[in-house]
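Architecture at a glance
Each chain, written out:
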Amino acid sequence: MAMAGTTIFSHIIPVIFGFLGIIFIIAGIMDEKKPSLIVGIILFIIGCILPFIVLGSLIQ
């Protein structure tokens, strides 16, 4: 049986981070703002890697 937080960390938080990352990337490219672009890239990468880190430590 899955633990209580696995759905949040595997389906909800990565989608939110990915969506916000894409929004920041688009805004950074369209307005030519490097900080916004970098924040978007970092958010997207965190959204991709976070489930593997958290779920790897929760499920053992």
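Located above this text is the structure these notes cover.
From a predicted model like this one, the values you see are computed outputs, not experimental measurements.

Digging into helix α1 (residues 6-30)
Taking 1.5 Å of rise per residue, 25 residues should cover 36 Å, and α1 covers 36 Å from first to last C-alpha, within 8% of that figure. The principal kink in α1, of about 30°, is found at Ile12, preceding the proline Pro14 by one to four residues. Of the residues making up α1, those classed as buried are Thr6, Pro14, Gly18, Gly21 and Gly28. On its buried face, α1 sits against α2 (34-58). Looking one or two residues beyond α1, the residue adopting positive phi is Glu32, at roughly 55°.

Rules used in this analysis
Residues numbered from 1 in each chain as written. Predicted model: local features only at pLDDT ≥ 70, side-chain atom pairs only at ≥ 80, totals over all residues. Heavy atoms only, no water. Helix = DSSP H or I, 4+ residues; strand = E, 2+ residues; numbered from the N terminus. Expected span 1.5 Å × (residues − 1). Bend = angle between axes of the 7 residues up to and from the residue. Buried < 20%, exposed > 50% of the residue type's maximum accessible area, 1.4 Å probe, protein only. Contact = heavy atoms within 4.5 Å.

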